[in-house]
Each structure stands twice: as C-alpha cells, then as structure tokens.
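Residue strings, one per chain:
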Amino acid sequence: MKSPLVRVALYAFTVWAVLTFNFAVPRLMPGDPLAYLYDQESAFYLPDEGLRSRLAAYYGLDRPPLQQYVHYLRNVLTGNFGWSVRFNLPVSELIASRLPWTLLLTVPSLVLATAITVVAGTEAAWRRGTVTDYALVVGFTLIRTMPVFFLGILAVLIFAVHLRLFPLSGAITPFRTWASPLEQALDILHHWALPAAVLTVESVGARLLLMRNSVVLVLAEPYIQTARAKGLGELAIRYRHAVPNAVLPLVTTFSAQLGMAVAGTVFVETVFAYPGMGLLLFQAVSARDYPVLEAGFLILSAGVLLGNLLADLAYGRLDPRVKRP
Amino acid sequence: MNRPAADTTGRPLARSQRPVAGGPRLPRPGLAGAGLAILLGFGLLAASAPLVAPYDPGAYSGEPLARPSRAHPLGTNDVGHDILSELIYGARVSLMVGLVAGGLTTALAAAVGTAAGYLRGWSDAVLMRIIDFLMAIPHLPLMLLLAAYAGPSLLNVILVIVLLGWMVPARVVRAQTLVVRGEAYVEAARALGAGPLAIMGRHILPGLGPILVSVFVAQAARAVSLEAGLAFLGLGDPTLKSWGLMLRQALSYRGIYFTPHWLWWLLPPGLCVSLLVLGITLIGVGLEGRLDPRLRRGGKEANG
C-alpha cells in the first residue's frame, strides 16, 4: 500500500494534468478559441478586424503560449473562470449558485444507491436461483438498458403527470414565499425526490449484478461454512461475514460510479430542469458557451477526483485484509 | 448445468440456502436468439428504410401535430414530419453508430492492450498511466466540451464515443495478452525470430478473438446509448434524424406531457433505443458463456 501522502500527491498530479488538458483542448482544436468569430460561415462572424484583434488581446491570445498558460493557471487558482456568454455573468458566480443543487442530488442518491445495492445484491445472492433473485436481476438489467434520460421521462410521465405525486420540474416552487424554513425544506424535498430516485435506481442498476456475483462467490468460502457450523444466525452470516468481504468490488469501481453519477446528473437535471451543474452544462452546450463548459469540466473533474481520493483513503479501513498496521 | 444467466464469473458457486426447486430458468441460447431477433428486426428496417417508411423523414408530410391516422400511423411532429418515418430512419443512425463506434473502440482497445501487454516495460507503463488518467475524470463533461469544440456532426460524435471508451477494454485485452504471451507457441515464434509486430498480429490477436467479440458487443451497446444521449443534449447532427434528436424535439415541445402526443411522439423513440440496447445486451449475455475463455476453462483457475 502506498502511503497517504504519495496518494494525495498522485491526485494533485492528476488535477494538474486535467488543468493542462483543459488549457490545451481549445488551443489544439483547429483554429483557436475565437475561430468562430473569424469564420465567415459561422453565426458569430465578426467582420471588424480591429475588434477581432482587440478581443484576442483581451483574452491574451496574442501572447506566447507559455505566458498564456501561466496566466490561465493564475486565473483558475484565483477562481476566475471567465465570463459566461449565455448568462452574461461571471462563470464562478454561476457555478457557486448551481453546484449546491447538484451536490444535493448526487451525494444522497449515491449513498442511498450503495446501501440498496449492498442489501439487494446480498439478498439476491442468498436466494440465488429463486424468483426474488431473478426479479431483481432481470428488473434492474432491463432498467439498465434504458438511457437515464428516458428513465427520467418515464418517471415524470408516471409520477408527476398521471399520479400527480411530485412536481414536474425545478428545485423549488417559483415565486413562492414560505411561512417557515421547515415549509421551504419540505418544498425542496418534494422537488428533489423524483430526480434523486431516478439517479438512485440508475446507480443501483449499474452495480447490483457486481455485488450479487461477489456475494455468491464469498458464500462459497470455507469461513462462511465455519460461521454456519458455529451456529450463527442467517443475518449475521450474511451481513457480518459475507458482506464485508464481498463489498470490495463496489469500492474499486467507486471511481467509475462517480463518473457515471456525473453523467446521470447531467441527463436527469436536463429532464427535470433541475438548476444544478448538469443543467448548466446542457444550457452551455446549446449556446456554445465555452467558458462555462471548460469550468464545468474542471469543477466536476475536481469533485470526482476528490471523491476518489476519499474512497482511496477509506479503502484501507474497509478491506478486512489490510487492517494490519 | 443449471447456472443462472446473470452469473458470469465462472467460478465454483455457493450453494444457496434455499434449493432451486423449480425456480424459473433463463436459457442462454434463448436470450442470444431473442437479442439477435431484435437486432435483425432493426437491421431490416434500417436497410429497407426508403421502401418501408411512408414519407421522407425530413420533409413536411402533412398537418403538424396530427394524431395517429391511416396516413400517419404515429402522427406527425410539430413541424409536420411523419413520426413513423423518423423512427425507421433513426434505426439507421443508431445501428451505424453502434457498428462503427463499437468497432473502432474495439480496434483501439486491441491495439493498445496487446502493445502494452506484449511489449511491457515503459510503453506499458505510459499507456497504463494514460488509462488511469482518462478513467479518473468524468467523461460526459469532457464529451460535451470536445463535441462542442469539434462541432455537431455524426463523425465527431463517433470519435468522442471512441476516444473515451477504449480504456477498460484495453485493460481486459492487456490482461489476456499477458496470459497468451507466456504460451509455448508464442515462445516458439519468438525463438524462430518473429518480430514483435508479427507476434502480436499473427499469434496473440487470434488468441484474443473471443474477448474482442464480447468487447465489441458491449461497446456497440454503449455507443448506441451514448449517441442517443449526446443527440438528446444537442450535440448530434441537427439535420440527421436520430432517436435521441426525436426525444429532444418532442421534449422541447412545451406541454408535451399534458397533451396526448407523448404517447406516439415521446415514447416510441425512447422505447426503440431501449429495445436496441436490450437486444445487443442479450446477445452479449448469450455469447458470454460460449466465448469467455475463463468460463470455458470452468473452475480450474479459481482453485489455483
């Protein structure tokens, strides 16, 4: 096992690589970041040459690449992500108002999905070959074949439009004043439930089979037989002896899971018009709002890397075999 | 042997507490057959689209927002395009992307995986670090960024899908290459003076066949789903009728949920994507047992 310090350093290196990558992408693409202003075919064509060179100077594009790079790093480190073309606001301000909603959506649904995956996977493995097992496996496999935005659309149609249990879209009721903070929290919860449920179901579908198969393998181990021979109860065998050993594949795929949650949140926020980072990216795409797209990629990458680092550091504690000092 | 369809590990399995007494069974050949039937169905539709589709999918074909009728079995959209024709032509886009992007991803994964696994040393180390880097960052925001810069076209969508899809399969190919390169026939080829390219191309790649087939199937399913997603987000070619674009257009029609139009405008493209992905996935599940070398060798490996 590498020491925590080395691992933190590795993550810092990856963050630097992401930053550099983000700097390079617009400059490696044909033309330069302002190419759409020079292109006579483009809708944004700027005929005035003086204005074009002033813009290039404003963005520092007339300076040597290394100078641009230093300038870029300094900007990012001071939280200056430029100006959004679509919203006409500083990008950092936009992100500050959108990021909390995304965290509210993704973090609880990831936690909930992990808990459901562990329990459902264990129960399916325990009842291997029974109707419960097949129902869980087949059900979630079917759900997995649906694109998450279609799952979201179906959820809206069933639970919001026809059963009228939840609001159609948004994160709060617009233009409403609340009598108390509790009422406001309830309103937020009411809007949150459906998109969070869709993200959760999607995330369970991605890992249920992995967990189930892992538990099936662990149940064949001799120590399970020992536990049974000792006369332990069924619940203790499953959750004290099998699960801690079977849960490792979930931990090692956590990184991919975080990335999937980010993708999921882009689609789910788009379907539900939920005002988080995902909807922001969606709006930025249709307006070709490059500063927002770049900053969104940076922030979400940093978030995923931070989550990975935490999972990495927790791994030693979770794996019963690496408990030795 | 009564092995549940979902169990793909191929190692000795635990005996369940409750015996399987007459529980339902999922026959694998049946699954692959069903998947193949779905795929062939869409393939036939796509191939004969100009003959089967009642209208040109991009042309005004009648009154906008028409309800289903004899002339328009699934009605028309808000600009008067025939929805059934759009659906039929959409199969072409999805199948093409699945085939091309799935194939290119597999080829890239095969090239990187065999090179890393056979050459070892620093090229292996560099390739693995690149994979680690690409795996550690969230893909969708990067896809949005790349696709936005590259411009909306089907080719760019395919390239973006390929560029961010090869990493996991490359690792799988590399692991299998490490196994194959130790085989006696590879040693023999090396002793006879064969160069690395010849060994990789003629001796290692054929040994990877089964793995590459299952990688291709999995990547084709991923590509179909992703293309729909990217088109839904507005990154596809806006003139090319794909299922993702249809969903986007239907959803951007205000109040679609409160008119009956969702039934024939919103649901069919979503169901088509899901059904096609399901078909490809079923083929993958069906093939797994037959193609995965670990499964063919049965429990030997796990006991060692």
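Residues numbered from 1 in each chain as written. Chains lettered and ligands numbered in written order. Predicted model: local features only at pLDDT ≥ 70, side-chain atom pairs only at ≥ 80, totals over all residues.

Asker: For this particular structure, what's the right way to read the overall build of chain A?
Answerer: Looking only at helices and strands, chain A features 14 helices and 0 strands. Reading chain A from its N terminus to its C terminus gives the helix and strand order α-α-α-α-α-α-α-α-α-α-α-α-α-α. Dimensions of chain A along its principal axes, counting C-alpha atoms only, are 85 × 55 × 40 Å. Taking all 325 residues of chain A together, the buried fraction comes to 37%. A separation of at least 24 residues holds for 70% of the contacts in chain A among residues at least 6 apart in sequence. (Helix = DSSP H or I, 4+ residues; strand = E, 2+ residues; numbered from the N terminus. Buried ≥ 20, exposed ≤ 12 C-beta atoms within 10 Å, placed from the backbone. Contact = placed C-beta atoms within 7 Å.)

Asker: What exactly am I supposed to notice about the overall build of chain B here?
Answerer: In terms of helices and strands, chain B carries 14 helices and 0 strands. Walking chain B from its N terminus toward its C terminus, one meets helices and strands in the order α-α-α-α-α-α-α-α-α-α-α-α-α-α. Expressed as a percentage of the 304 residues in chain B, the buried residues total 45%. The long-range fraction of contacts in chain B, counting pairs at least 24 apart against all pairs at least 6 apart in sequence, stands at 70%.

Asker: So what exactly am I meant to see when it comes to helix α9 (residues 196-204) of chain B here?
Answerer: Every α-helix carries 3.6 residues per turn, so stepping three or four residues along brings you back to the same face. Residue and element names in this part refer to chain B. Every buried residue belonging to α9 is among Ile199, Met200 and Ile204, and all of these are buried. On an axial view of α9, the arc spanned by its buried residues comes to 95 degrees, and they lie on one face. The exposed residues of α9 that point more than 90 degrees off its buried face are Leu197 and Arg202. If you follow the buried residues of α9, they end up packed against α3 (83-119), α7 (167-180) and α8 (184-191). (Arc of directions from axis to C-beta.)

Asker: Please explain the packing of helix α12 (residues 254-272) of chain A against helix α13 (residues 277-286) of chain A as it appears in this structure.
Answerer: Packed helix pairs are characterised by how far apart their axes lie and by the angle those axes make with each other. All names here are of chain A. At a closest axis distance of 7 Å, the pairing of α12 and α13 adopts a crossing angle of 80 degrees. By the angle between their directions, the pair α12 and α13 is classed as roughly perpendicular. Contacts between α12 and α13 pair Thr265, Val266, Val268, Glu269 and Thr270 from the former with Gly278, Leu279, Leu281 and Phe282 from the latter. Partitioned by chemical class, the residues of the contact of α12 with α13 number 5 nonpolar, 3 polar and 1 charged. (Axes fitted to C-alpha atoms, helices over the stretch in contact; angles between N-to-C directions. Parallel < 35°, antiparallel > 145°, perpendicular 65-115°, else oblique. Nonpolar A, V, L, I, M, F, W, Y, C, P; charged D, E, K, R; others polar.)

Asker: Mind showing me how you'd approach the interface of chain B and chain A here?
Answerer: Size of an interface: often given as the accessible area lost when the parts come together. Contact with chain B, which involves 46 residues of that partner, is made by 54 residues of chain A. Those elements that place two or more of their residues in the side of chain B that touches chain A are α4 (121-136), α5 (139-150), α10 (209-232) and α12 (262-291) of chain B. Ranked by residue count, the leading element in the side of chain B that touches chain A is α5(B), at 9 residues. Here the residues of the side of chain B that touches chain A are counted per class, giving 31 nonpolar, 12 polar and 3 charged.

Asker: I'm lost on the nonpolar core in this one. Help?
Answerer: The nonpolar side chains of a soluble globular protein tend to be buried, and buried together. Grouped together as the largest cluster of nonpolar side chains are 151 residues, with contacts concentrated most on Leu293(A), Leu144(B) and Val224(B). With residues up to four places along the chain from it excluded, the contact list for Val224(B) reads Ser94(B), Val97(B), Gly98(B), Val273(B), Leu276(B), Val277(B) and Ile280(B). (Core = buried A, V, L, I, M, F, W, Y, C linked by C-beta atoms within 7 Å.)

Asker: Explain the packing of helix α7 (residues 148-162) of chain A against helix α8 (residues 181-219) of chain A to me, please; I cannot follow it from the model alone.
Answerer: All names here are of chain A. Running from N to C, α7 and α8 cross one another at 135 degrees; their axes reach a closest spacing of 10 Å. Comparing their axes, α8 and α7 come out oblique. Of the two elements, α7 crosses α8, and the hand of that crossing is right-handed. For the pair α7 and α8, the contacting residues are Val148, Leu151, Gly152, Ala155, Phe159 and Ala160 in the first and Leu194, Ala197, Val198, Val201 and Glu202 in the second. (Left-handed = near helix turned anticlockwise from the far one by under 90°.)

Asker: Sorry, what's going on with the confidence of the model for chain B here?
Answerer: Low pLDDT marks regions whose predicted coordinates should not be analysed in detail. Residue and element names in this part refer to chain B. Looking at chain B, pLDDT values average 82 and 85% of them are 70 or higher. Confidence, expressed as mean pLDDT per element, reaches its minimum in chain B at helix α14 (residues 300-303) with 34 and its maximum at α3 with 94. A low-confidence stretch, residues 1-27 (pLDDT under 50), is modelled with 49 contacts involving residues beyond four sequence positions or located in other chains. Below a pLDDT of 50 lies the segment residues 293-304, which in the model reaches 11 contacts outside its immediate sequence neighbourhood of four places, other chains included. (pLDDT = per-residue confidence, 0-100.)

Asker: Can you walk me through unusual backbone geometry in this structure?
Answerer: Most peptide bonds are trans, and most residues other than glycine sit at a negative phi. Residues and elements named next belong to chain A. Phi at Asn88 takes a positive value of approximately 55 degrees, unusual for a residue other than glycine. Checked against the element boundaries, Asn88 lands in the loop between α4 (65-77) and α5 (91-126). By the C-beta count within 10 Å, which is 7 here, Asn88 ends up exposed. In this structure, Phe175 takes a positive phi of about 55 degrees despite not being glycine. One can find Phe175 in the loop between α7 and α8.

Asker: Help me understand the environment of Val111(A), please; the structure alone is not making it clear to me.
Answerer: Mapping Val111(A) onto the fold places it in helix α5. Separated by 139 residues in the primary sequence, Val111(A) and Leu250(A) have C-alpha atoms spaced 12 Å apart.

Asker: Hey, could you run me through the environment of Ala250(B) in this one?
Answerer: All names here are of chain B. Note on placement: Ala250 falls in helix α11 (residues 243-252). On a C-alpha basis, the gap between Ala250 and Leu267 in space is 9.5 Å, while along the polypeptide they are 17 residues apart. Dropping the residues within four chain positions of it, Ala250 is found in contact with Ile256, Trp265 and Leu266.

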